[in-house]
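Residue strings, one per chain:
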Amino acid sequence: MRCVVIMISLLGFLACTSSANSQAIKKFDQKDKFRQLEELVPTANEYRNGSGAPGHGYWQQKVDHEIDVTLDDEKQRLIGSEKITYTNNSPDTLKYLWLQLDPNIHRPDSDAVVSRSFFDGDKTEFSSMKALLERKDFDGGVNISAVKNSANGQDLAHSIVKTMMRVDLPEPLATGRMFTFQVDWDYSINNARQIRGRSGYEYFPDDGNYIYEIAQWFPRLCAYTDNIGWQHKQFLGSGEFTLEFGDYVVRITAPTDHIVSATGVLLNPNDVLTETQRQRWDDSKSAKEPIFVVTPDEAKANESSKATTTKTWVFSAKQVRDFAFASSRKFIWDAVQHDVSGNKVMAMSFYPNEAEPLWSKYSTHAIVHTLNVYSKFSFPYPYPVAQSINGPIGGMEYPMICFNGPRPEKDGTYSDNTKYGLISVVIHEVGHNYFPMTVNSDERQWTWMDEGLNSFLQYLSEQEWEDKYPSSWGEPSDIVNYMKSENQVPIMTNSESLLQFGPNAYSKPATALNILRETVLGRELFDYSFREYSRRWQFKRPMPADFFRTMEDASGVDLDWFWRGWFYSTDHVDIAIDGVRQFNIDTQDPDLEKQLKKDLRDQEPRTLSSERNEPLVKRSHEFPNLLDFYNEFDPLNVTEQDKKQYVDLLASLSDDEKALLQNDTNFYVINFKNIGGLVMPIILQIEFDDGTVETRHLPVEVWVRDNERIAHVVMTNKEIKRMTLDPRLQTADVDLSNNHYPPQVPKSRFQLYKDQKAPNAMQKAGLGDSK
C-alpha cells in the first residue's frame, strides 16, 4: 500500500495514517496512569524527607530487656519475669505504655479464634476439625501475675485489651526520660502440630521428648512512631509485629540435658557446654565447612533419658527488636564461622536425627550463602550469629534465629521438593534478618515491605545457588495466573485484609521488583538504589513512601506510574499487537506509480459473481453503438497530462526534496492496545525477511497521552517477516496469544480414552454388581 504524501515529519505522518482508524475506534475515558503519588503518600516532613531518607528530626524509641525464664518440660509451660527499661526519644510526653501479649491469640475466645472459619460448606478437613476441637479445650493465654515499678516495687495500674496491655505510668514520661518496670507472667505452650502458630512445641511419641520453638513469648513493647503513634492494632495472626530496638540479656533455665539456641551470643559456655563441645565450638571458628558441636550419635544418646536437674543459659543481644529461642535434648548442633565484610558470624543449625541427612548437608550452607548474597545487595550482616532450627514451625524468623520445617522421609530419603524447600525456607527466614529485623518496617500494617522485599532477595539468592534453581517466584511468567485472577486487592492493603495472602504479599511484590530491576531500571541502577534504601533505613523504621521515594531519588527515574500500577491497583499486563500497516513514499512518477497500481489491481481475486456474470449476453453486445471511449480507456494508463504534472512537480522541488521522493524506506505503523490496564514498557522483537532480528524497547512514556491505544512507526529498508511482543517474558503479560504478528495458531494436545459404561443408580449407591 502506498500513501500519496511526501514524508516531511514523522508526527505528521502518524496523524495522517491514524485518522481513519481513530474514527472507527470508540475512545475510552483517559485514566492518568502517570499521575504522581503526592496525594496518596504522606507529605514529607522533618522526620521523613521528600527524598525518602530519614529527616533531620527522625527519632525512634529504645526498649531494653533483662529476662529470666524457666521452661517447664513436664507441663509445657513458660514462667518468666522481665525488667523493661523504656527510653522516650519522641518529642511527645507519654502517659502510658502499650505492650503486646501475643500468647493471648491462643485463648478460646480470642478474635483470631472466633473470627476464623473452619468449615467450607458441608465439609471440612480432618486437620481443621482436630484444630477446632483442640482450641476448644486449650487456653494458651498469658497470665500476668505482676506489673511493678522497678524503682519502688509498687504495683502499676494496667489494663489488658485482648492481645494488648496498657501500663499506666506513675507520672508522665517526658522526652529523653527513661522508665523501668517489671512484668511477671506465665502461660501454657501450644502443641504446634495441633494448634498452629508462629511458636510452640513438637512432641515425639517414639522417645517421649519435645522440641520447643519459643517466640512471641514475653510481653513486648508496641512501637510508638512518628506516623501513627502507638501501633497497637490487635494481633490476629497474619499481620506480624511492629517492635522497637533495644539490648537484651536473657537467662533461660531448661533441663540440664537440653541444648538451647537463642537470639544473641552465649555468655556462659563454660557453665552449659561440655569440654568436648567447647573444643568443637572453637574448632568451628577456623573450619571451612560446618562441623558438629553435638553429633547425631550424641543427640540420639541424649534422647534416652531425662534429666531431673536444670541449668541456665545466658544470652546477650545488642540492638535487636525481638528475642526467640529453641530448646530440646534431641538437638544435633553444627556450626561454622563465616566472615561477612569483616564481621565474624557464627552460622549454626540445630535439628533432631529425624531431620538427617538433609539438614547437616544443606542448612548451615544455606545460612552462609544467604549472608553472602543479601549483604551484597543491601548491607553487610550486622549481627554475630545466624541460626536455623528444625522443629514444628514451618518457617518463621526472629533476630539471629529462625525456625524451619522440612524433613526427609523416615528412611532418610527425600524428594527434590523437600531438598529445595529446605534451602529456600532457610534462605528466606535467615534473609528476614535484613528485612524486617534490621530495616524495621511495620509488619502489622504492610506485609509486603518485609515479605515482598525478602522474597525478591530470596529469588536472587536461589539463582546464585545453582544453575536452573526451581524458584517459586521472581520470574514474571510465574505470576500471570494470579495477576489475571479475581478476588484481588492491591499490594498496598493492610495485612489482615489481604486476599490471596501469599501471592499478594510475597510473589507479586517480589516479581514486581524483579521486573523493575531487569526491564525498567536495569540491574546497575536498581541495585544502587536498593542498596541506598537498605542502608538509609538500617536500624530505622521505613514506611512505604520512604521506599518509593528512595528508589526514585537514587535512580533519577520517575517511577510513580510503576508504584501506582503494581502496588496501588489490581490491573494486569496484557498488551496486544492490534494491527500492522505498511507504507512507502509515493514517488509521484506516473510511469512507476500507475504500473504499481495496475499490478495490485491484477492481483485482486476475481469475485464469484463476476465470473458467473461473464457468459451472460450483454445489451452492449446486441447494440455495439452503446460502446464509447470509456469502454476502452484504462484510468491507470499514463497520460501526457500526468507526465507534465510530474515534470512541473520536479521543477518546483529542491534537490533534497527530490531525493525524498526516491527514498525506498518501508514505514510500518504498528498499533498496540493496552487490554490489562497496567502500563509497561513495550519490548518488540522484529524478524526481517533476510533472517536478521532486532529488539526494540519503547519506554513506558509511550502511554502518556493515551493509556489504551498507541501507534509506533518502524522505518526500515527491509521487509518485516514477523513481530513478537515481550519475547523473553519480561513483563508478566497474561495473554501471549495476542503478542504476535502475524497471529500464531495455538498448539495443544488432547488425550484419547476408552469409553466406559456409566454406572447405574444402584451401582453408584454401592448396591449392584460393579461389572
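It should be noted that the structure appears before, not after, this text.
Keep in mind it's a predicted model, so treat the numbers as computed, not measured. (Residues numbered from 1 in each chain as written. Predicted model: local features only at pLDDT ≥ 70, side-chain atom pairs only at ≥ 80, totals over all residues. Heavy atoms only, no water.)

(A) Structural detail: the overall build of the chain. For the chain, the count of helices and strands is 21 helices and 30 strands. The C-alpha atoms of the chain give 36 Å as radius of gyration, which overshoots the globular expectation for 771 residues (28 Å, by more than 25%). Across its three principal axes, the chain shows a C-alpha extent of roughly 130 × 85 × 50 Å. Counting only residues that meet the buried cut, the chain has 52% of its 771 residues in that class. Placing the 84 positive and 111 negative side-chain charges of the chain at their respective mean positions leaves the two points 3 Å apart. (Helix = DSSP H or I, 4+ residues; strand = E, 2+ residues; numbered from the N terminus. Rg over C-alpha atoms; globule rule 2.2 N^0.38 Å. Buried < 20%, exposed > 50% of the residue type's maximum accessible area, 1.4 Å probe, protein only. Lys, Arg positive; Asp, Glu negative; His and termini not counted. Charge placed at Lys NZ, Arg CZ, Asp CG, Glu CD.)

(B) Quick look at the sheet that holds strand 13 (residues 246-255). The mixed open sheet is built from seven strands, whose spatial order is 4-7-2-1-13-17-15. Looking at which strands have only one partner, the edges of the open sheet turn out to be strand 4 (143-149) and strand 15 (265-266). As defined by bridge partners, strand 13 adjoins strand 17 (residues 310-320) across nine bridges and the pair is classed as antiparallel. Considered in strand 17, the bridge of glycine 246 is made with valine 320. (Pairing = 2+ DSSP bridges.)

(C) Seen up close, the environment of glutamine 231. Considering the arrangement of structural elements, one finds glutamine 231 in the loop between strand 12 (229-230) and strand 13. Using a relative accessible area of 7% as the deciding quantity, one classes glutamine 231 as buried.

(D) Geometry of the nonpolar core. Phe181, Trp217, Trp566 and Phe672 are the most contacted members of the largest nonpolar core, which totals 185 residues. Of the residues forming this core, the biggest block, 10 residues, is contributed by helix 7 (residues 358-377). Counting five residues, the second-largest nonpolar core is a separate cluster that includes Phe583, Ile585, Val669 and Val713. (Core = buried A, V, L, I, M, F, W, Y, C linked by side-chain atoms within 4.5 Å.)

(E) Structural detail: the pairing of strand 18 (residues 325-328). Burial along strand 18 is two-sided: Phe325 and Ser327 and Ala326 and Ser328, pointing in opposite directions, are all buried. Inspection of the sheet shows strand 9 (residues 209-214) paired to strand 18 by three bridges, in the antiparallel sense. Within the sheet, the bridge partner assigned to isoleucine 214 lies in strand 18 and is phenylalanine 325. As paired elements, strand 14 (residues 259-262) and strand 18 share four bridges and run antiparallel to each other.

(F) Representation of the packing of aromatic side chains in the model. Summed over the entire model, instances satisfying the criterion amount to 52 aromatic pairs. When the ring centre of phenylalanine 204 is taken as reference, the NZ or CZ atom of lysine 330 above it lies at 4.3 Å. (Phe/Tyr/Trp six-rings, centres within 6.5 Å; stacked < 30°, edge-to-face > 60°. Lys NZ or Arg CZ within 6 Å of the ring centre and 35° of its normal.)

(G) Representation of the packing of helix 11 (residues 501-521) against helix 12 (residues 523-536) within the structure. At a closest axis distance of 7 Å, the pairing of helix 11 and helix 12 adopts a crossing angle of 135°. Considering the angle they form, helix 11 stands oblique to helix 12. Contacts from Leu513, Leu516, Arg517, Glu518 and Leu521 of helix 11 reach helix 12 at Arg523, Leu525, Phe526 and Asp527. When grouped by side-chain class, the residues that make up the contact of helix 11 with helix 12 number five nonpolar, no polar and four charged. (Axes fitted to C-alpha atoms, helices over the stretch in contact; angles between N-to-C directions. Parallel < 35°, antiparallel > 145°, perpendicular 65-115°, else oblique. Contact = heavy atoms within 4.5 Å. Nonpolar A, V, L, I, M, F, W, Y, C, P; charged D, E, K, R; others polar.)

(H) Region of interest: helix 9 (residues 448-463). Between its terminal C-alpha atoms helix 9 stretches 21 Å, which fits the 22 Å expected from 16 residues at 1.5 Å a residue. With respect to burial, helix 9 is a largely interior element, 15 of its 16 residues being buried. (Expected span 1.5 Å × (residues − 1).)

(I) Fine view of the environment of glutamate 622. Within the secondary structure, glutamate 622 sits in helix 17 (residues 619-622). With a relative accessible area of 53%, glutamate 622 lands in the exposed category.

(J) Main features of the sheet that holds strand 24 (residues 575-583). If you trace the three strands from one edge of the open sheet to the other, you get 24-25-28, paired in antiparallel fashion. Because the sheet does not close on itself, it has two edges, and the strands there are strand 24 and strand 28 (709-716). Here the strands of the sheet are splayed against their neighbours by 25° on average, with no regard to which way each runs. Across eight bridges, the pairing between strand 25 (residues 666-674) and strand 28 is antiparallel.

(K) Focus on the pattern of salt bridges. By the definition in use, this model includes 46 salt bridges. One salt bridge connects aspartate 247 with lysine 62, and the closest N-O pair in it is separated by 3.5 Å. In this pair, aspartate 247 sits in strand 13 while lysine 62 sits in strand 1 (residues 62-72), placing the two residues 185 residues apart along the sequence. Residue class for aspartate 247 comes out partly exposed when judged on its relative accessible area of 24%. Taking relative accessible area as the criterion, lysine 62 reaches 30% and is therefore assigned partly exposed. One salt bridge connects arginine 606 with glutamate 614, and the closest N-O pair in it is separated by 2.1 Å. Linked by salt bridges that have partners in common, Asp207, Lys300, Glu303, Lys330 and Glu354 make up one network. (Salt bridge = Lys/Arg side-chain N within 4 Å of Asp/Glu carboxyl O.)

(L) Region of interest: helix 7. The terminal C-alpha atoms of helix 7, which comprises 20 residues, lie 28 Å apart, in line with the 28 Å expected from a rise of 1.5 Å per residue. Taken across its 20 residues, helix 7 has 15 buried, putting it largely inside the fold.

(M) Quick peek at the side chain of glutamine 730. As for its position among the elements, glutamine 730 is in the loop between strand 29 (720-725) and strand 30 (740-741). At a separation of 3.0 Å, a polar atom in the side chain of glutamine 730 contacts the side chain of threonine 519. Among all residues touching glutamine 730, those that are not within four sequence positions of it are Pro476, Ile515, Glu518, Thr519 and Ile683. (Polar contact = N/O pair within 3.5 Å; in protein donor to acceptor, adjacent residues only side chain to side chain.)

(N) Inspection of the packing of helix 8 (residues 416-431) against helix 9 at higher detail. Running from N to C, helix 8 and helix 9 cross one another at 130°; their axes reach a closest spacing of 9 Å. The angle between the axes of helix 8 and helix 9 places the two elements in the oblique class. As helix 8 packs across helix 9, the resulting crossing turns out to be right-handed. Where helix 8 approaches helix 9, its residues Ser424, Ile427, His428 and Gly431 are matched on the opposing element by Glu451, Asn454, Ser455, Gln458, Ser461 and Glu462. When its residues are assigned to classes, the contact of helix 8 with helix 9 shows one nonpolar, seven polar and two charged. (Left-handed = near helix turned anticlockwise from the far one by under 90°.)

(O) Examining the side chain of asparagine 104 more closely. With respect to the secondary-structure elements, asparagine 104 resides in the loop between strand 3 (94-100) and helix 2 (111-114). The buried category is assigned to asparagine 104, whose relative accessible area is 3%. For asparagine 104, the side chain forms a polar contact with the main-chain nitrogen of valine 142, separated by 2.8 Å. Excluding residues within four positions of it along the chain, asparagine 104 makes contact with Ser110, Gly141, Val142, Ile160, Lys162 and Thr163.

(P) Region of interest: the environment of threonine 225. Structurally, threonine 225 can be placed in strand 11 (residues 224-225). Once the C-alpha coordinates of threonine 225 and tryptophan 537 are considered, the two residues, 312 residues apart in sequence, prove to be 15 Å apart. Filtering out sequence-adjacent residues up to four positions away, threonine 225 remains in contact with Trp59 and Arg541. Here isoleucine 228 takes part through its backbone nitrogen, which lies 3.2 Å from a polar atom of the side chain of threonine 225.

(Q) Local environment of a nonpolar patch on the surface. Residues Phe629, Tyr630 and Phe633 make up a contiguous nonpolar surface patch of about 380 Å² in total accessible area. By secondary structure assignment, the location of phenylalanine 633 is in the loop between helix 18 (629-632) and helix 19 (640-652). What makes phenylalanine 633 partly exposed here is its relative accessible area of 34%. (Patch = residues over 30% accessible without salt bridge, like charges linked within 9 Å, V, L, I, M, F, W, Y side chains within 5 Å. Areas by Shrake-Rupley, 256 points an atom, 1.4 Å probe, with all protein chains shown as cover.)

(R) View of unusual backbone geometry. A cis amide bond links phenylalanine 435 to the next residue, proline 436, at an omega of 15°. Looking at the secondary structure, you find proline 436 in the loop between helix 8 and helix 9. With an omega of -5°, the peptide bond running from tyrosine 741 to proline 742 counts as cis. Looking at the secondary structure, you find proline 742 in the loop between strand 30 and helix 21 (761-764). Even without glycine at this site, glutamine 216 takes up a positive phi of about 50°. On the secondary structure map, glutamine 216 appears in the loop between strand 9 and strand 10 (220-221). Even without being glycine, asparagine 487 reaches a positive phi, approximately 55°. Within the fold, asparagine 487 resides in the loop between helix 10 (480-483) and helix 11.

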